[in-house]
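Topology and contacts: notes
Chain by chain, the residues run as shown.
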Amino acid sequence: MPATFRDRKAKILQDLSIPDDQYEDLSPKGSVDEGIKDLIAEINGLPDYVTTSSCAGRVAVYLEGAKGAKGGGKWLFTSHDILEPPVKDGGSGLMAMFGLSDEAPSAPLETEGVRFVHFKSEPMILHILTSSLTSAHHAASAALQAGFRESGINSTQEAKDGSPACPMVAVRSSGLAFDCIIGYYREGDSPEDQGIIKPMVSEGYLQTLVSVANQRFRTNIERRERFRATLLKNAGPSTGK
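Remember, predicted model here, so these are calculated numbers, not experimental data. (Residues numbered from 1 in each chain as written. Predicted model: local features only at pLDDT ≥ 70, side-chain atom pairs only at ≥ 80, totals over all residues. Heavy atoms only, no water.)

**Some details on the sheet that holds strand β11 (residues 198-199)**
On the basis of which strands lie adjacent, the open sheet formed by five strands has the order β3-β2-β6-β10-β11 and antiparallel pairing. Looking at the sheet topology across the chains shown, the edges are occupied by β3 (74-79) and β11. With respect to the sheet, helix α5 (residues 203-232) is in contact with β2 (58-63), β6 (114-122) and β10 (178-186), its orientation differing from that of β10 by roughly 145 degrees. (Pairing = 2+ DSSP bridges. Helix = DSSP H or I, 4+ residues; strand = E, 2+ residues; numbered from the N terminus. Contact = heavy atoms within 4.5 Å. Axes fitted to C-alpha atoms, helices over the stretch in contact; angles between N-to-C directions.)

**Examining the packing of aromatic side chains**
The tally for this structure, following the rule as stated, stands at four aromatic pairs. Residues Tyr62 and Trp75 carry aromatic rings whose centres are separated by 4.8 Å and whose planes lie at 55 degrees to one another, so their mutual orientation is tilted. Taken together, the residues Tyr62 in strand β2 and Trp75 in strand β3 connect sequence positions 13 residues apart. A residue is classified by how much of its surface remains accessible, and Tyr62, at 23% relative accessible area, is partly exposed. Look at Trp75 and you get partly exposed, because its relative accessible area is 35%. On the basis of an interplanar angle of 25 degrees and a centroid distance of 5.9 Å, the ring pair of Phe119 and Phe178 is categorised as stacked. In this pair, Phe119 sits in strand β6 while Phe178 sits in strand β10, placing the two residues 59 residues apart along the sequence. Assessed through its relative accessible area of 0%, Phe119 is described here as buried. Site record: aromatic cluster; members linked through ring pairs are Phe77, Phe98, Phe119 and Phe178. (Phe/Tyr/Trp six-rings, centres within 6.5 Å; stacked < 30°, edge-to-face > 60°. Buried < 20%, exposed > 50% of the residue type's maximum accessible area, 1.4 Å probe, protein only.)

**Overview of the pattern of salt bridges**
Applying the stated criterion across every chain, the model contains six salt bridges. One salt bridge connects Lys67 with Glu64, and the closest N-O pair in it is separated by 3.3 Å. (Salt bridge = Lys/Arg side-chain N within 4 Å of Asp/Glu carboxyl O.)

**Considerations on the environment of Glu222**
By the secondary structure assignment, Glu222 is in helix α5. As a C-alpha pair, Glu222 and Ala146 span 76 residues in sequence and 8.6 Å in three-dimensional space.

**Details of the sheet that holds strand β9 (residues 168-171)**
Here we have four strands laid out as an open sheet, ordered β1-β7-β9-β8, and antiparallel in their pairing. Strands at the two margins of the open sheet, each flanked by one partner only, are β1 (49-55) and β8 (152-154). Along the sheet, successive strands turn relative to each other by an average axial angle of 25 degrees, direction set aside. Of the pairings in the sheet, the one linking strand β7 (residues 125-130) to β9 comprises four bridges and is antiparallel in character. Directly across from Leu126, in β9, lies its bridge partner Val171. Against the sheet, helix α1 (residues 3-16) engages β1 and β7, with an angle of about 45 degrees to β1.

Take a look at the structure:
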């Protein structure tokens, strides 16, 4: 097993050992998702693998940034589990949950200065550093068999200093993902409208989106478990060369 892999894995595991209330990464949540912690621990328990980034899958509502500006967007809602819509006055309260006002749905006739709100449903994604091409092929094959059809192996060449390659495996699939515009915010509206994000769809439509997202999240969980079982099967004590 390459020393470069052992060193990188030791550093990553050290970072993951930090308590949740102190750990931060680049995701909106800022830590490892609860629903994927066991899988991460099992992968990292194998000698030839270590996860470098992960997402269990999520439903998110995102307000775009201003056109032509870097960043500036805002996450209005994020969940890494099946959604249970809140109850409000006998009906669901998804408008408030997703940061939308409770006024009647409308649509901007002109899009200049408009920032749209997106409802996003995204499946699991994992990046796994491996000790060898043999290990990488095993992980990629497990991902493809489980239904993560856009999975593949990256970085198979030796480092510039001649160190052996430590291939990265990306476990991913776009088949379960979808993105819908559900609201908008117009820059330069009247002062009383500042900060108000207007819905473009009804509460009933949001309920339909949540139902579809939940169905796909259940499929995501099933594929995740198939990947887990296939990866752990025949992984062996060490596949590194």
